[in-house]
Amino acid sequence: MRWTLKPEPNPETVASLAAELNIDTLIAKLLVQRGITTFDEARQFFRPSLEDLHDPYLMKDMDKAVERIEKAIANGENILVFGDYDVDGTTAVSLMSSYLKSFYPNVDTYIPDRYNEGYGVSYQGIDYAEDNGITLIIALDCGVKSIDHVAYAKAKNIDFIICDHHRPGDTLPDAVAVLDPKRDDCSYPYDELCGCGVGFKLIQALAQNRNETIEDLIPYLDLVATAIAADIVPITGENRVLAKFGLEVINTNPRPGIKALIQNLKRQTLTITDVVFVIAPRINAAGRIKHGNYAVELLTEFDLEQASAFAAQIETFNADRRAFDKEITEQALQQILENKEEERYTTVVYQEDWHKGVIGIVASRLTETYYRPTLVFTKSGDKLAASARSVKNFDVYNALEACSEHLEQFGGHMYAAGMTLKEENYEKFKDAFERVVSETIHPDMLTPEISIDAEVKLSDINPKFFRILKQFEPFGPQNMTPIFLTGDLTDTGYAKKIGADEEHLKLYVKQSDSDSFNAIGFGLGIKKELVANKQSFAAAFSVEENEWNGTVSLQLRIRDIKND
């Protein structure tokens with residue numbers, strides 16, 4: 001682990017903000033690190049309001065999208081809501097379809113089959129629309145590069161409205177409207193929305209047109225928060241507002257589908273982390289193992305008993321997903337060893353019978369072992385398909401672009417992408433990808449980094465400090481849980497390895513004359529010798545609450561330990 005202390009912000013800015021807000025200098029420093037330097041910015045950060053959401057009509061083509069939907073409704077046209085099979089896509093389809101159906105019946109949904117149709121807008125979906133007399137398709141979380149598909153639909157007199165958040169190509173599809181804040185010619189003030197977030201802006205615009213207020217849309221925010229969490233978009237700006245209020249809906253009055261997924265959890269309040277690790281994988285499992293339609297059925301069902309039956313079905317898919325994930329990860333790690341590829345700059349592995357639905361998860365698992373850009377391939381029809389995952393600060397999308405001569409198609413983000421290629425091009429691509437990454441990646445990027453916000457003393461940590469820290473939530477990209485560094489720590493003699501395989505480390509630490517703190521280090525059992533015999537050590541950690549036998553206390557969540 002590489003420990004990196006964030007640069008010290010301007011001390012005058014920190015002092016000024018601390019005085020203006022009447023807060024501790026350490027808290028002010030954490031705020032300035034997040035780009036918050038004024039009273040008004042701090043108010044928006046600590047007290048997000050639905051009033052802070054931007055006017056949806058600031059987004060390019062929004063007026064055209066609303067006008068076309070209203071025309072479809074006035075003429076009694078059939079509308080198809082089309083979306084990708086992952087969490088962002090299925091929540092977006094659930095959001096749009098349930099909103100439209102609240103006042104208009106002629107609405108159908110379509111999720112492409114991951115295996116037969118692949119990612120994005122499909123010809124089968126357009127044929128389905130033609131066969132069912134549909135004249136307007138609203139595509140969510142996909143479509144910004146579907147030039148040929150939109151042309152195919154247009155020839156059948158089917159119009160498209162695209163709501164996407166991926167990078168557009170040089171040419172946009174010939175759709176009625178292309179809503180994408182990443183368009184070069186779109187001046188919308190916030191361009192980090194997920195696909196479901198762009199869909200929400202469209203229903204916000206429709207609601208304004210129908211004299212509804214933002215309050216009327218609050219029940220849909222559980223879906224938006226779920227998509228924001230699952231798609232790992234920055235928790236800043238509008239995403240922060242939507243995530244905060246969406247979490248409130250999840251915790252107070254979620255739709256029956258989400259309620260059915262979380263009803264057996266023993267947590268009183270769910271956080272973004274719970275959404276990422278509990279709700280999102282289950283929604284994703286439908287599209288990975290069976291079909292994304294199961295997720296849409298769950299999320300649009302308003303009878304709790306029926307939703308619980310759907311949730312039980314999805315729980316089975318998730319169990320299957322976990323089994324595939326474990327088996328394929330083991331096989332991929334073995335392949336790396338057999339090919340003697342432990343020292344490469346990249347991980348590229350392939351086996352034709354690997355389950356296509358979990359190769360993205362496996363790619364993430366492999367980056368945990370070999371910290372480097374990773375691609376996992378499997379056979380898909382007559383081609384090979386892969387999921388890519390990257391490491392911090394390395395743009396895997398750009399690396400794929402540099403190797404695109406060997407690819408049939410590719411798309412995605414800086415940290416995650418998908419692609420297909422012909423089997424005969426696999427080795428050429430593998431060599432090209434290794435070469436491109438080796439020439440462009442900084443060596444530091446190949447070592448996992450702990451980014452530390454500030455150096456503190458244990459005496460700085462008290463209930464008041466933690467109460468303010470809690471108000472930094474929801475945490476996520478660009479607003480991560482603050483990580484602190486402190487040295488001169490000693491264990492009071494209670495250090496022990498815990499867990500079935502003794503992989504975790506339980507400590508009771510103190511620093512000179514400070515209070516003692518419980519501490520837990522997950523996966524740090526191997527470092528017990530560094531704290532034995534009251535040796536002095538340094539730790540990188542976050543602060544959390546621990547409840548035990550009805551007593552709540554502050555606990556240090558140790559991220560790493562080093563000799564002092």
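Procedures and definitions
Residues numbered from 1 in each chain as written. Predicted model: local features only at pLDDT ≥ 70, side-chain atom pairs only at ≥ 80, totals over all residues. Heavy atoms only, no water. Helix = DSSP H or I, 4+ residues; strand = E, 2+ residues; numbered from the N terminus. Expected span 1.5 Å × (residues − 1). Buried < 20%, exposed > 50% of the residue type's maximum accessible area, 1.4 Å probe, protein only. Pairing = 2+ DSSP bridges. Axes fitted to C-alpha atoms, helices over the stretch in contact; angles between N-to-C directions. Contact = heavy atoms within 4.5 Å. Polar contact = N/O pair within 3.5 Å; in protein donor to acceptor, adjacent residues only side chain to side chain. Core = buried A, V, L, I, M, F, W, Y, C linked by side-chain atoms within 4.5 Å. Bend = angle between axes of the 7 residues up to and from the residue. Phe/Tyr/Trp six-rings, centres within 6.5 Å; stacked < 30°, edge-to-face > 60°.

**Here we look at helix H10 (residues 237-252)**
Between its first and last C-alpha, H10 extends 23 Å over 16 residues, near the 22 Å set by a 1.5 Å rise per residue. Turning to H10, its buried residues are Glu238, Asn239, Arg240, Val241, Leu242, Ala243, Phe245, Gly246, Leu247, Val249 and Ile250.

**Section: unusual backbone geometry**
A cis amide bond, omega 0°, links glutamate 473 with the succeeding residue proline 474. With respect to the helices and strands, proline 474 occurs in the loop between helix H18 (463-470) and strand E14 (484-491). Here aspartate 488, not a glycine, exhibits a phi torsion of approximately 60°, which is positive. Structurally, aspartate 488 can be placed in strand E14.

**Details of the sheet that holds strand E4 (residues 134-140)**
The strand order across the open sheet built from five strands is E3-E2-E4-E5-E6, with neighbouring strands paired in parallel fashion. Pairing within the sheet leaves two strands with one partner each, and these edge strands are strand E3 (107-110) and strand E6 (177-179). When strand polarity is set aside, the average angle formed by the axes of neighbouring strands in this sheet is 20°. Pairing of strand E2 (residues 78-83) with E4, which is carried by six bridges, proceeds in the parallel orientation. Pairing of leucine 80 across the sheet is with isoleucine 137, part of E4. Contacts from helix H8 (residues 195-209) reach E4, strand E5 (159-163) and E6, with the element oriented near 115° to E5.

**Observations regarding the environment of asparagine 78**
Counting through the fold element by element, asparagine 78 comes out in strand E2. Given a relative accessible area of 27%, asparagine 78 falls into the partly exposed group. Placed 54 residues apart in sequence, asparagine 78 and asparagine 132 show a C-alpha to C-alpha distance of 8.3 Å. Beyond its immediate sequence surroundings of up to four residues, asparagine 78 is in contact with Asn106, Asn132, Gly133, Ile134, Thr135 and Leu136. At 3.2 Å, the side chain of asparagine 78 and the backbone oxygen of glycine 133 are in polar contact.

**Quick look at the nonpolar core**
Counting 83 residues, the largest nonpolar core has Leu100, Ile138, Phe200 and Leu202 as the members making the most contacts within it. Apart from the residues within four sequence positions on either side, leucine 100 is in contact with Ile69, Ile79, Val81, Val107, Ile138 and Leu206. By size, the runner-up hydrophobic cluster in this structure holds 42 residues, among which are Phe472, Val509, Phe517 and Leu554.

**Things to note about helix H12 (residues 272-290)**
Across its 19 residues, H12 extends 26 Å between first and last C-alpha, which sits within 8% of the 27 Å expected from 1.5 Å per residue. Most pronounced at alanine 280, the bend in H12 amounts to some 40°, and the proline proline 281 follows within four residues. Taking burial as the measure, the 19 residues of H12 include 15 buried ones, the bulk of the element.

**Focus: the packing of aromatic side chains**
Applying the stated rule across the entire model yields 17 aromatic pairs. Taking the centre distance of 4.9 Å and the plane angle of 80° together, the rings of tyrosine 123 and tyrosine 152 count as edge-to-face. Of this pair, tyrosine 123 sits in helix H6 (residues 123-131) while tyrosine 152 sits in helix H7 (residues 147-154), and the two are 29 residues apart along the sequence. According to the relative accessible area criterion, tyrosine 123 is partly exposed, its value standing at 35%. Note on tyrosine 152: relative accessible area 28%, which makes it partly exposed.

**Quick look at the sheet that holds strand E7 (residues 347-350)**
Hydrogen bonds along the backbone pair up the strands of a sheet, which may run parallel or antiparallel. Reading across from one edge, E7-E8-E9-E11-E10 is the order of the five strands in this open sheet, with mixed pairing throughout. Lying at the two open borders of the sheet, with one neighbouring strand each, are E7 and strand E10 (409-412). On average, each strand axis in the sheet is inclined to that of its neighbour by 15°, with strand direction left out of account.

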